[in-house]
Amino acid sequence: MTDSANDGALSRDLALSTDEVLDASALAAISSSPSLNPAQSYLIGLSSATSRQTMKSFLNIVAGMLGFSSLQTCAWGSLRRHHIRGLLEMLQVSGRAPATINTYLSALKGTAREAWMMKLTDTESYQQIQAIRAVRGSRLARGRALAAQEIQALFRCCEQDSACKGPRDAAMLAVMLGCGLRRSEVIGLDYASILPKEQALMIRGKGNKERLAFMPEAVWQRILTWTETVRGERDGPLFSRIRAGDSVTYERMTPQAVYHILYERRTQSGIDACAPHDLRRTFASMMLENGEDLITVRDAMGHASVTTTQKYDRRGDERLRKAACKLTF
């Protein structure tokens, strides 16, 4: 089927009403060339492996909503403005948060751009898609910041572990709490990432951007304990896998391993549920609580925007709680 035939079928079937736009079977008639897939081209152009995985998942979901088996078989070049608006409405009805819906929209706009570059869609259709506005609204921030006694309990648990995992886990959690690193940044650290003179770590974060993470004394001492008493100075991942029998390897850990380590340590410590990203939230809240300005915290966390950094501030919850408790009736 030609592009013009596709467009005609889509216009007849989907242009008149929202209900028709949401009918996935109407888009199933679109066919595409497997050798030229705009979605795959868009994903290749993303600089972060994490972003590629997220957007790939979202585009596969969209392809399924449109009646296709995967993003590889979806005819992205035949999508038009009213199709995408219908998809956004479907996502809203399903209860997705505005930020999530806007991530879908970003993926669709990026894919539309690649379709236009490949001459699979015309300029007017591409411009109409790019003109679609982001969904407005927000949701309460997820996650939490750990209390001081919870942090102490985590480190006490690690320090009471006489096996090799004790010093490793203490150093890794200290880096996450004291430097605000993402999981991907933690597992990406090498021994060569340590800069002793600066007492800092060289981080490669999102967008392939490098930054220095200066370590507080508590973090530095735990790094020294791990490297000098257990790991050694051999090149390779800073935090490596430890097999049964206390066999220290030089194999890189996975993001899931970081999640599992925190789950085990917080369970042993008896503290409430928390995720690795909560340690990053805790770092931001502690920095702001200490009087650091948002620009400084933004740079320390490797954010591109102060707006993103503000979302990590959990001080407001406690402030509002205290204000509410002062009310009397």
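One can find the structure itself at the top, above this paragraph.
Everything quoted here is computed from the prediction, not taken from an experiment. (Residues numbered from 1 in each chain as written. Predicted model: local features only at pLDDT ≥ 70, side-chain atom pairs only at ≥ 80, totals over all residues. Heavy atoms only, no water.)

Caption draft 1: Broad picture of the environment of Glu124. Along the chain, the position of Glu124 falls in helix α8 (residues 123-130). Separated by 44 residues in sequence, Glu124 and Arg80 place their C-alpha atoms 9.9 Å apart. (Helix = DSSP H or I, 4+ residues; strand = E, 2+ residues; numbered from the N terminus.)

Caption draft 2: Spatial organisation of α8. What α8 keeps buried is the set Ser125, Tyr126 and Ile129. In a view along the axis of α8, the buried residues occupy a sector of 100 degrees, so they form one face of it. Along its buried surface, α8 packs onto α6 (81-93) and α7 (98-117). Two or three places before Glu124, at the start of α8, stands the capping residue Asp122, its side-chain oxygen 3.2 Å from that residue's backbone nitrogen. (Buried < 20%, exposed > 50% of the residue type's maximum accessible area, 1.4 Å probe, protein only. Arc of directions from axis to C-beta. Contact = heavy atoms within 4.5 Å. Polar contact = N/O pair within 3.5 Å; in protein donor to acceptor, adjacent residues only side chain to side chain.)

Caption draft 3: A look at the sheet that holds strand β3 (residues 210-214). Read from one edge of the open sheet, three strands run β1-β2-β3, paired in antiparallel fashion. Looking at the sheet topology across the chains shown, the edges are occupied by β1 (194-195) and β3. Here β1 pairs with strand β2 (residues 200-204) via two bridges, running antiparallel. Considered in β2, the bridge of Leu195 is made with Ala200. (Pairing = 2+ DSSP bridges.)

Caption draft 4: Spatial organisation of helix α5 (residues 49-65). Under the 1.5 Å per step criterion, the end-to-end length of α5 is 24 Å for 17 residues, consistent within 8% with the ideal 24 Å. Backbone geometry just after α5 places Gly67 at a positive phi near 95 degrees. (Expected span 1.5 Å × (residues − 1).)

Caption draft 5: The arrangement of the packing of α6 against α7 in detail. Viewed as axis vectors pointing N to C, α6 and α7 meet at an angle of 155 degrees, and their least axial separation amounts to 10 Å. The angle between the axes of α6 and α7 places the two elements in the roughly antiparallel class. The two elements α6 and α7 cross, and the hand of that crossing is right-handed. In contact with Ile84, Leu87, Leu88, Leu91 and Gln92 of α6, α7 contributes Ile101, Tyr104, Leu105 and Leu108. Of the residues that constitute the contact of α6 with α7, the class distribution is eight nonpolar, one polar and no charged. (Axes fitted to C-alpha atoms, helices over the stretch in contact; angles between N-to-C directions. Parallel < 35°, antiparallel > 145°, perpendicular 65-115°, else oblique. Left-handed = near helix turned anticlockwise from the far one by under 90°. Nonpolar A, V, L, I, M, F, W, Y, C, P; charged D, E, K, R; others polar.)

Caption draft 6: Structural view of the environment of Glu114. With respect to the element layout, Glu114 can be found in helix α7. Relative accessible area serves as the criterion here: at 18%, Glu114 is assigned to the buried category. Taking the C-alpha atoms as reference points, Glu114 and Gly45, 69 residues apart in sequence, are found 9.8 Å from one another. What Glu114 contacts, discounting residues up to four positions off in sequence, is Pro38, Ser41 and Tyr42. A distance of 2.7 Å separates a polar atom in the side chain of Glu114 from a polar atom in the side chain of Ser41.

Caption draft 7: Here's a closer look at unusual backbone geometry. With phi around 65 degrees, Lys119 is a residue other than glycine that occupies positive phi space. Relative to the elements of secondary structure, Lys119 occurs in the loop between α7 and α8. Located in the positive-phi region is Asp246, a residue other than glycine, with phi close to 60 degrees. Residue position: Asp246 is located in the loop between β4 (240-243) and β5 (247-252).

Caption draft 8: View of the side chain of His303. Among the secondary structure elements, His303 is positioned in the loop between α15 (294-301) and α16 (306-310). Not counting chain neighbours up to four residues away, the residues in contact with His303 comprise Arg182, Arg280, Arg298, Thr308, Thr309 and Tyr312.

Caption draft 9: Spotlight on the pattern of salt bridges. Applying the stated criterion to the full structure yields 14 salt bridges. For the salt bridge of Arg241 with Glu251, the shortest nitrogen-to-oxygen distance reads 3.1 Å. A residue pair is termed long-range when its members are at least 10 positions apart, and Arg241 in strand β4 and Glu251 in strand β5 qualify at ten residues. You can call Glu251 partly exposed: its relative accessible area is 32%. Across the pair Arg298 and Asp299 runs a salt bridge, and its minimum N-O distance is 3.0 Å. Owing to a relative accessible area of 43%, Asp299 belongs among the partly exposed residues under this scheme. (Salt bridge = Lys/Arg side-chain N within 4 Å of Asp/Glu carboxyl O.)

Caption draft 10: Spatial organisation of the packing of helix α14 (residues 276-289) against α15. Put simply, α14 and α15 touch, their axes get as near as 10 Å, and they point 150 degrees apart. With respect to α15, the axis of α14 lies roughly antiparallel. Taken as a pair, α14 and α15 cross one another with a handedness that is right-handed. Residues Arg280, Phe283, Ala284, Met287 and Leu288 of α14 form the contact with α15, whose own contacting residues are Leu294, Val297, Ala300 and Met301. The residue inventory of the contact of α14 with α15, partitioned by class, reads eight nonpolar, no polar and one charged.

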